Amino acid sequence: MSPDPTAATSTTAATSTTAATSTTSTTSTTAVAFPSRQPPGYEWLPDEPRFDPRIHLQIEPPTSVTSLREFGYPADQIEQTATDVAVSAPFRIMSDEGAAVLLESCRRLRGFARRAGNRIEHTVRGGCYRSRFLRDLCLSADVTRIMSEIYGTAVAPHTMPVHLGHLNYEPTDVHEAVDKWHHDTIPLDFVMMVSDPNQLPGGQFQYFVGTKGEVAELAARGERPPTDRVVAPHFPGPGSAIALHGNMVVHRGAPLTEQAERITMVNAYVALDRSRADQSRSRDLMGVDDESHLYTEWTRHTAWRGAGRLTGLVESLDFGLTREQAIEHLEWAIDDVQSALDDLRAGPREAEHYER
Ligand SMILES: [Fe+2]
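Residues numbered from 1 in each chain as written. Predicted model: local features only at pLDDT ≥ 70, side-chain atom pairs only at ≥ 80, totals over all residues. Heavy atoms only, no water.

Looking at the pairing of strand S8 (residues 166–169)
Here S8 shows a buried face lined by His166 and Asn168 and a second buried face lined by Leu167 and Tyr169. Bridging between S8 and strand S15 (residues 263–271) involves four bridges; their strand directions are antiparallel. Note on S15: the bridge partner recorded for Leu167 is Met265. (Buried < 20%, exposed > 50% of the residue type's maximum accessible area, 1.4 Å probe, protein only. Helix = DSSP H or I, 4+ residues; strand = E, 2+ residues; numbered from the N terminus. Pairing = 2+ DSSP bridges.)

Quick word on the coordination of the iron ion
The coordination sphere of the iron ion contains the protein donors His182 (NE2), Asp184 (OD) and His251 (NE2), at a distance range of 2.1 to 2.2 Å. Assessed through its relative accessible area of 2%, His182 is described here as buried. (Donors = N, O, S within 2.8 Å, 3.2 Å for Na, K, Ca; no water.)

As for the pattern of salt bridges
Applying the stated criterion across every chain, the model contains 13 salt bridges. We note a salt bridge from Glu214 to Arg229, for which the minimum N-O separation is 3.0 Å. Here Arg229 lies in the loop between helix H8 (212–220) and strand S12 (230–231) and Glu214 lies in helix H8, a separation of 15 residues in the sequence. Among the ionic pairs, Arg221 bridges to Glu223, the shortest N-O distance being 3.3 Å. On the accessibility criterion, Glu223 (37% relative accessible area) is partly exposed. (Salt bridge = Lys/Arg side-chain N within 4 Å of Asp/Glu carboxyl O.)

By themselves these figures say nothing about function.
Here it is in structure tokens:
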């Protein structure tokens, strides 16, 4: 579960600033502070229990993790990503009492559910601007620490609050997948069972043991991931989760076999080491998330990425740069800013997934 060791021997511009861009202490659990004010139009749920980690958490680390290498990814792709971890075994995060409070809050948030693009029929985004319990759980330092341990690199709750506490609910049509085969718009996350997974008729969370490229080739032929390479992990109960390298592992919520309550929660994380790729695909959020906060969050995230890399240059560069190296360093440092500008100017597009 250690960070990719090849980064230290690479000769790219990125590598020369790797150490310096790991500017945040490994004990920090914050990248960008959660806003002190809610966006316009958002109200707190009244009368929620206050989140108390001593009462509501019962963290039991996973017994195993699987690596991206075991999924078939080559080293040159892995070294660009936040961690070589692909997925963990299911592990417990919530106590029984915490799981019960979370379920009740998510039931109350269901009234705000809506369609997210072409992938999910019923989802709540921005729930951490409505539920203090969900917000405090998703920002919990205890939960962040176990996620850092699992990933083998320091992480923080995602800089864009729209990616915190994402909720999926069962679709109206029982034959529809809860969420189609896809990889995430975020680098790292956990997927938590909010409703009781043992009461569900079908509707398992599933992931494909293979690469995004393999699933894209299958999709181009009109095929889905073969069942012998699909894993449906057993979740022991509500409040248990798996850690996921969401941007690299293709996964879905399978169809239910009969109508039932199915609620899952996805909480996203970013690696504090900004020398690796961003792995966030914010362009897919245009037309999905409220403009009242999306563009502010996206700009803050991009500024955080660029600031980390630029600060790394300030602190690490020594005499002797050539003109070409100067260009290479600066272009690398503002790469995420340039990409964000390109995406913002290009405008909305259909969210990527692997079902046609
Ligand atoms: Fe996902």
